[in-house]
Amino acid sequence: SIVYFCIILFVRKAINDAIRIVKISATAVGANCKIVFWPLFSFLIVGLSSLLFAVVAVLLMSSGDMIAVKMQNATASVTSDSSSNFTAITIPDIKQVKPQEMIKYLGLFDLFMWFWLNEFAQAIGVFTIGGTIAEWYFTPKGAEPEDLSDRTRCQRWQSSGICGAFCVGMKKHAGTAAFGSLIIAIISTIRAVVAYLQYQITKANPDSKLIKCVTCITSCCLKCLENCAKYLTKNAYIYSAVKGTNTWNLMFTFTN
């Protein structure tokens, strides 16, 4: 209890800041209730893309060369009731599909594009929510809405809540979202390939504890790398939504 009290005493400023942030966030969500339904839209995009790439993967894996496979017993004997003669029935060869070597690489590319599209949809979601909250936060209280009658429909749409933030995100920050999601998609694809290789190695040597230890360490390191990339890119998206900077400025900012 004493240690707990000392921790609270020393970090009381951070606790007060966290309380203020939670209060402001709750007020922001109350003023922009539509952002609560945005995760449903992102989930719909991810679900449709997953279905599409799953169909493509099935079509890829089912394409290849038809090869006839002979059975061990090529003939079968059947006894007739009217005579004691045997009738030999020839069993046809069974055909199997042998995938081509290029199909494996196309399947890997399909997996990579699935990762990339899903991460891009999530990045646009961060830009949309971040842009909506930033516009609400930096708008002075009691400010009268600007007259937009002399502007185009696209410009009027960009100045209206979550729809405007989505339009600005797609129009001005799509490159930043694609670049950040590309980095995460590359790391996720490498993780998937390494996981497949680890499965094959573990299957060939199920009793080797050294292999299990190495595969566990490798998976942990790749997962940490992916989490770091997601953390940095998410903060970069929010920074870009607030400041309006592009990808190259973000790279120099986070590098410095």
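Residues numbered from 1 in each chain as written. Predicted model: local features only at pLDDT ≥ 70, side-chain atom pairs only at ≥ 80, totals over all residues. Heavy atoms only, no water.

K.L.:
Sorry if this is basic, but what is going on with the environment of Met170 here?
P.N.:
Take Met170: it is sitting in helix α6 (residues 161-172). In this structure, the C-alpha to C-alpha distance between Met170 and Ile124, residues 46 residues apart in sequence, is 7.2 Å. (Helix = DSSP H or I, 4+ residues; strand = E, 2+ residues; numbered from the N terminus.)

K.L.:
Explain the environment of Leu117 to me, please; I cannot follow it from the model alone.
P.N.:
Assignment of secondary structure puts Leu117 in helix α4 (residues 101-138). Remark: the alpha-carbon pair of Leu117 and Ser49, spanning 68 residues in sequence, is separated by 7.5 Å. Once you skip the residues sitting within four places of it in the chain, Leu117 turns out to touch Ser49 and Phe53. (Contact = heavy atoms within 4.5 Å.)

K.L.:
Explanation requested: the nonpolar core in the structure shown.
P.N.:
Nonpolar side chains tend to gather and get buried jointly when the protein is soluble and globular. Formed by Ala123, Ile124, Val126, Phe127, Ala177 and Tyr237, the largest nonpolar core amounts to 6 residues. If you tally residues by element for this core, the top one is α4, at 4 residues. The contacts of Ile124, once residues within four sequence positions are left out, are Phe166, Gly169, Met170 and Ala177. (Core = buried A, V, L, I, M, F, W, Y, C linked by side-chain atoms within 4.5 Å. Buried < 20%, exposed > 50% of the residue type's maximum accessible area, 1.4 Å probe, protein only.)

K.L.:
Please explain the packing of aromatic side chains as it appears in this structure.
P.N.:
How two aromatic rings sit relative to each other is set out by the distance from centre to centre and by the angle between their planes. Inspection of every chain in the model, using the stated rule, returns 7 aromatic pairs. The interplanar angle of 45° and the centroid separation of 4.9 Å between the aromatic rings of Trp38 and Phe41 together place this pair among those described as tilted. One end of the pair, Trp38, and the other, Phe41, are both in helix α3 (residues 38-61), 3 residues apart, so they sit about a helical turn from each other. Plain terms: the ring middles of Phe41 and Phe166 are 6.4 Å apart, the flat faces sit at 90° to each other, and that makes the pair edge-to-face. (Phe/Tyr/Trp six-rings, centres within 6.5 Å; stacked < 30°, edge-to-face > 60°.)

K.L.:
What should I look at first to understand the pattern of salt bridges in this one?
P.N.:
Between side chains of opposite charge, a pair can form as their charged atoms come close. Tallying each qualifying case throughout the model produces 3 salt bridges. Across the pair Glu226 and Arg191 runs a salt bridge whose closest N-O atoms are separated by 2.5 Å. Taken together, the positions of Glu226 in helix α8 (residues 209-243) and Arg191 in helix α7 (residues 174-204) put the pair 35 residues apart, joining distant regions of the chain. Judged by relative accessible area, Glu226 falls into the buried class, the value being 6%. Glu226 is the partner of Lys230 in a salt bridge, and the nearest nitrogen-oxygen pair spans 3.6 Å. One end of the pair, Lys230, and the other, Glu226, are both in helix α8, 4 residues apart, so they sit about a helical turn from each other. With a relative accessible area of 31%, Lys230 lands in the partly exposed category. A cluster of three or more residues bridged by salt bridges with shared partners is formed by Arg191, Glu226 and Lys230. (Salt bridge = Lys/Arg side-chain N within 4 Å of Asp/Glu carboxyl O.)

K.L.:
Looking at this model, I keep getting lost on the confidence of the model for the chain. Mind explaining?
P.N.:
In regions of low pLDDT, the predicted coordinates are not meant to be interpreted in detail. Confidence along the chain averages 78 in pLDDT terms, with 74% of residues attaining 70 or more. When mean pLDDT is compared element by element in the chain, helix α2 (residues 12-31) scores highest at 89, while strand β2 (residues 75-79) scores lowest at 46. Counting contacts from residues 74-81, a segment whose pLDDT is below 50, to residues more than four positions away or on other chains yields 15 contacts. (pLDDT = per-residue confidence, 0-100.)

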